[in-house]
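Residues per chain are reported as follows:
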Amino acid sequence: MDRQLTLMAVHAHPDDECLSTGGILARYSDEGIRTVLVTCTNGEQGDGPGGVKPGDPGHNDAEVAERRLAELRESVQHLGIDHLELLGYRDSGMDGWDTNKHPDAFANVPVDVAATRLGELIKQYRPQVVVTYDETGGSGYNHPDHVQAHRITVAAIEATGIPDKFYYTAIPRAAIKRMFEFMRTSGVDLGDFQPSDDFGTPDELVTTVVDVAPYVERKFKALQSHESQGENIFLLRMPEEAQHQAFATESFTRVVNRVTAPDHEDDLFAGLR
């Protein structure tokens, strides 16, 4: 039986859907492909009202989660995502925070337990294409929840065998260097920051670069929806031309391919249409 073409993106927190996959979610939705966003945590360890930080007086995990999920639903509207699925796990916080030790934190949930829940969604939607982070949580980010999202997605795909193609998000090193060079020549004050040579994804590992330039504005609006976390989103403060350069393509590393598709693609659904 023919399956409806479907893309599933698995992300750790509200707002993660925007930067690395906002363009593909908008583009493929416009092309009539069903889009499914799975968000694993409720984002409790984000900033609270007025920018109050986790662990500071006045930070209320439940209120932060409620606001972040409302922002997520607004972002979903901007991106035209068909289905939002919330696993509802507790945000573990950044690597090294005391919140990593909370027994209910997503990073502490047994992989097989969370993978089974994700596997049920894969069985329900039967996506041909699934996207999540690499084993470092996305180009070396190493956030515990991003790493856990990787683990459960790999396990769910292996257990179900349903997706035809599986990708990790990628930030090509060459693109990072071009962007920071552009910002410096444009007079943007980057202070002493200089991306290390090993920051990002080695260019030889990038298999797929998707043009999402027509969707930059929608991607930016989706990112702006996460207003409570705006202080932490550096790209929102970049010059417009630099934002467009950063947002106009999205890159991936293909790790599973069960169809005939070129080694280097410009379409996640190459070989499936």
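Please refer to the structure higher up on the page.
**Student:** How would you summarise the layout of surface pockets if you had to cite specific residues and measurements?
**Tutor:** Picture a little ball the size of a water molecule; that probe, rolled over the atoms, points out where space is still empty. There is about 1700 Å³ of room inside the largest pocket. Along its surface, the largest pocket is lined by 49 residues, and Leu19, Tyr141, Ile171, Phe199 and Leu235 are the ones closest to its centre. Taken together, the residues of the lining of the largest pocket break down into 23 nonpolar, 17 polar and nine charged. Reported here for the second largest pocket is a volume of approximately 180 Å³. Here the lining of the second largest pocket gets three residues from one element, more than from any other, and that element is strand β5 (residues 165–170). When the residues that make up the lining of the second largest pocket are grouped by side-chain class, the tally is five nonpolar, seven polar and four charged.

**Student:** Got a sec to walk through the pattern of salt bridges? Specific residues and values, please.
**Tutor:** Where side chains of opposite charge bring their charged atoms close, a pairing between them can arise. This model, assessed by the stated rule, comprises 14 salt bridges. The shortest N-O distance in the salt bridge between Glu31 and Arg27 comes to 2.9 Å. Glu31 gets classed as partly exposed once you look at its relative accessible area, which sits at 37%. A residue is classified by how much of its surface remains accessible, and Arg27, at 16% relative accessible area, is buried.

**Student:** Give a description of helix α2 (residues 61–79) that names residues and reports values.
**Tutor:** Taking 1.5 Å per residue as the helical rise, α2 with its 19 residues ought to reach 27 Å, and the 27 Å between its terminal C-alpha atoms agrees with that figure. For α2, the secondary structure elements touched by its buried residues are α1 (16–30), β2 (34–41), β3 (83–89) and α6 (216–225). Between the side-chain oxygen of the N-cap and the backbone nitrogen of Ala62 there are 3.0 Å, and the N-cap of α2 in question is Asn60. In the segment just after α2, Gly80 is the residue with positive phi, at about 70 degrees.

**Student:** Help me get a handle on the packing of helix α3 (residues 111–125) against helix α4 (residues 144–160), residues and values and all.
**Tutor:** Taken N-terminus to C-terminus, the directions of α3 and α4 make an angle of 60 degrees; their axes are 8 Å apart at the nearest point. Judged on the interaxial angle alone, α4 and α3 are oblique. At the point where α3 passes α4, the crossing takes the right-handed sense. Where α3 approaches α4, its residues Val111, Ala114, Ala115, Leu118, Gly119, Ile122 and Lys123 are matched on the opposing element by Gln148, Arg151, Ile152, Thr153, Ala155, Ala156, Ile157 and Thr160. Partitioning the contact of α3 with α4 into residue classes produces nine nonpolar, four polar and two charged.

**Student:** Which residues make up the sheet that holds strand β1 (residues 6–11), and what values go with them?
**Tutor:** Spatial ordering of the open sheet is given by β3-β2-β1-β4-β5-β7-β6, a layout of seven strands whose pairing is mixed. Since the sheet does not close on itself, it has two edges, and those belong to β3 and β6 (208–211), each with one partner. Sheet twist, expressed as the average angle between the axes of neighbouring strands with direction ignored, equals 25 degrees. Bridge analysis of β6 against strand β7 (residues 249–257) gives four bridges, and the strand direction is antiparallel. For Asp211, the partnering residue across the bridge sits in β7 and is Thr249. Across the sheet, α3 lies against β1, β2 and β3, angled at about 170 degrees from β3, the strand it touches most.

Rules and cut-offs
Residues numbered from 1 in each chain as written. Predicted model: local features only at pLDDT ≥ 70, side-chain atom pairs only at ≥ 80, totals over all residues. Heavy atoms only, no water. 1 Å grid on protein atoms, 1.4 Å probe; cavity = no way out; pocket = protein on both sides within 12 Å on 5 of 7 lines; lining within 4 Å. Points joined across faces, edges and corners; volume = space filled by probe spheres on them. Nonpolar A, V, L, I, M, F, W, Y, C, P; charged D, E, K, R; others polar. Helix = DSSP H or I, 4+ residues; strand = E, 2+ residues; numbered from the N terminus. Salt bridge = Lys/Arg side-chain N within 4 Å of Asp/Glu carboxyl O. Buried < 20%, exposed > 50% of the residue type's maximum accessible area, 1.4 Å probe, protein only. Expected span 1.5 Å × (residues − 1). Contact = heavy atoms within 4.5 Å. Polar contact = N/O pair within 3.5 Å; in protein donor to acceptor, adjacent residues only side chain to side chain. Axes fitted to C-alpha atoms, helices over the stretch in contact; angles between N-to-C directions. Parallel < 35°, antiparallel > 145°, perpendicular 65-115°, else oblique. Left-handed = near helix turned anticlockwise from the far one by under 90°. Pairing = 2+ DSSP bridges.

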